[in-house]
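Take a look at the letters that make up each chain.
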Amino acid sequence: MSSRPAPLIPPRVRAVLVRVPFLVSAVRFVRRGPLARDRNLLITLAVLALLIGVLAAEVSTEWFSPSLLILVTLVGGLQLRLRSLVALLVAVGAALGYVAATLGAGRVGLGLLVTIGFTTVLAVLMARTRGKLGVQGLRGDAMLLELRDRLKSQGELPPLPKDWGAKVVLKQAGGSSFGGDFLVSMRDGDTVEIALVDVSGKGVDAGTRALLLSGTFGGLLGSVDDFLPACNSYLHRQRGDEGFVTAVHLRLDLATGDYTITSAGHPPVVKFDAGTGSWQVASAKGVVLGVVPDLHCEPDTGTLRKGDALLLFTDGLIEQPGRDIDAGLDRLLGEADRLLPSGFRDGARALVNAMASGHNDDCALVLIWRP
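Because the structure is a prediction, the values reported are computed rather than measured.

Caption draft 1: View of the sheet that holds strand β10 (residues 363-369). With antiparallel pairing, the 5 strands of this open sheet are ordered in space as β1-β10-β9-β6-β7. Each end of this open sheet is capped by a strand with a single partner; those strands are β1 (165-171) and β7 (278-281). On average, adjacent strands in this sheet sit at an angle of 15 degrees to one another, irrespective of strand direction. Strand direction decides the pairing type here: β1 and β10, joined by 7 bridges, are antiparallel. Paired with V169 across the two strands is L365, which belongs to β10. On the sheet, helix α11 (residues 344-356) packs against β1, β6 (270-273), β9 (309-313) and β10 and is oriented at approximately 25 degrees with respect to β1.

Pasting the structure below:
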């Protein structure tokens with residue numbers, strides 16, 4: 001039998017404490033209710049604000065500057081709910097009023113008032129945003145970081161045998177952690193499946209939808225035989241017009257090198273043929289996802305032999321305002337001829353940087369080869 005843990009407060013001390021007037025009621029008030037943390041922090045910050053005001057007025061403004069109220073307001077904006085923040089702002093205003101009434105309005109300068117006013121507006125905006133999300137403190141930022149890390153982990157290819165190589169390069173618009181291009185992949189024995197998806201829009205604007213679809217598409221990959229038609233059925237059932245989605249799906253047999261490519265409105269996959277030393281454009285075609293109820297894809301099949309490679313990419317690499325897509329594809333293949341012979345692994349990022357220079361768009365590239 002397990003013994004009961006020893007109490008934090010010895011019984012004799014507890015017997016003395018319970019006799020202290022109002023102590024038990026105060027402890028119960030502090031620990032009561034789901035909003036206890038918010039209430040306790042409000043009480044602490046409000047008392048601190050009033051204490052700063054009294055000490056600044058009665059002791060010294062050098063040791064206890066009224067500008068410390070800026071920090072109190074900022075902490076409240078980061079941690080408190082909107083209603084609690086309003087109560088804290090009342091306490092901050094009372095502290096400033098007491099300093100002005102005691103030492104004169106000149107001791108509370110215009111610069112301090114403007115700074116506190118600006119901080120107040122910022123704090124209210126942060127509290128309102130967290131209120132809409134239904135989270136407290138900095139949990140909303142932590143959730144975004146977790147989602148970002150999950151999307152990043154899904155974009156990593158599974159380990160491949162030693163006689164295969166692969167490289168993934170994702171470059172989001174504006175250097176953001178979120179974007180409209182994402183990758184999902186899985187490996188089951190000798191079969192590897194890769195799906196490169198492009199959501200309309202760029203940067204953070206498309207990032208939220210990409211986060212949602214990455215989970216859905218990741219669950220479908222490897223679970224259904226017809227991956228892109230299943231994705232199309234899901235998108236077609238969704239209500240509203242949230243823009244288009246293109247995707248390309250690769251199923252590769254690592255034992256034989258045989259592959260099948262299906263595409264839904266996505267830029268074509270290109271294959272490097274080591275025998276001829278040239279790039280060949282795959283013939284896979286299909287309609288953009290979510291437009292028609294039944295998606296019909298024209299697949300392209302082939303075999304990767306020693307030295308061959310497949311290059312999957314999004315339109316951010318070849319599409320620029322005022323330039324034809326075919327011209328962008330020709331430039332991509334020209335840059336590939338120049339950069340990739342030095343090594344597929346090292347040349348992949350150099351290829352993305354060369355194609356993405358001069359414009360701001362989401363770019364993604366997947367290069368898989370057989371050394």
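There's more to say after this.
Caption draft 2: Inspection of the side chain of T314 at higher detail. Here T314 shows up in the loop between β9 and α10 (325-339). A distance of 2.9 Å separates the side chain of T314 from the side chain of D181, its partner in a polar contact. When neighbours within four sequence positions are excluded, T314 is seen to be in contact with D181, L196, V197, D198, H266, P267, D362, C363 and A364.

Caption draft 3: The arrangement of the sheet that holds strand β8 (residues 300-303) in detail. Ordered by their spatial adjacency, 5 strands build an open sheet running β2-β3-β4-β5-β8, and the pairing between neighbours is antiparallel. Strand pairing shows two members of the sheet lacking a second neighbour, β2 (181-188) and β8, which therefore form its edges. Averaged over all neighbouring strand pairs, the angle between strand axes comes to 15 degrees, with direction disregarded. Pairing of strand β5 (residues 258-264) with β8 involves 4 bridges; the strand directions are antiparallel. Pairing of D258 across the sheet is with T303, part of β8. Lying on the sheet, helix α9 (residues 227-237) is in contact with β3 (191-199), β4 (245-253) and β5; it crosses β4 at an angle near 155 degrees.

Caption draft 4: Inspection of the environment of A247 at higher detail. Locating A247 in the fold gives a position in strand β4. According to the relative accessible area criterion, A247 is buried, its value standing at 1%. Measuring from C-alpha to C-alpha, the distance between A247 and V288 comes to 7.9 Å, with 41 residues separating the pair along the chain. Once residues within four sequence positions are removed from consideration, A247 is found in contact with L196, V197, L228, T262, S263, A264, H266 and L289.

Caption draft 5: The arrangement of the pattern of salt bridges in detail. What the rule picks out here adds up to 1 salt bridge. With a closest N to O distance of 3.5 Å, R251 and E193 form a salt bridge. Linking R251 in strand β4 with E193 in strand β3, this pair joins segments that are 58 residues apart in sequence. Classification of R251 by relative accessible area gives partly exposed; the value is 27%.

Rules behind the numbers
- Residues numbered from 1 in each chain as written.
- Predicted model: local features only at pLDDT ≥ 70, side-chain atom pairs only at ≥ 80, totals over all residues.
- Heavy atoms only, no water.
- Pairing = 2+ DSSP bridges.
- Helix = DSSP H or I, 4+ residues; strand = E, 2+ residues; numbered from the N terminus.
- Axes fitted to C-alpha atoms, helices over the stretch in contact; angles between N-to-C directions.
- Contact = heavy atoms within 4.5 Å.
- Polar contact = N/O pair within 3.5 Å; in protein donor to acceptor, adjacent residues only side chain to side chain.
- Buried < 20%, exposed > 50% of the residue type's maximum accessible area, 1.4 Å probe, protein only.
- Salt bridge = Lys/Arg side-chain N within 4 Å of Asp/Glu carboxyl O.

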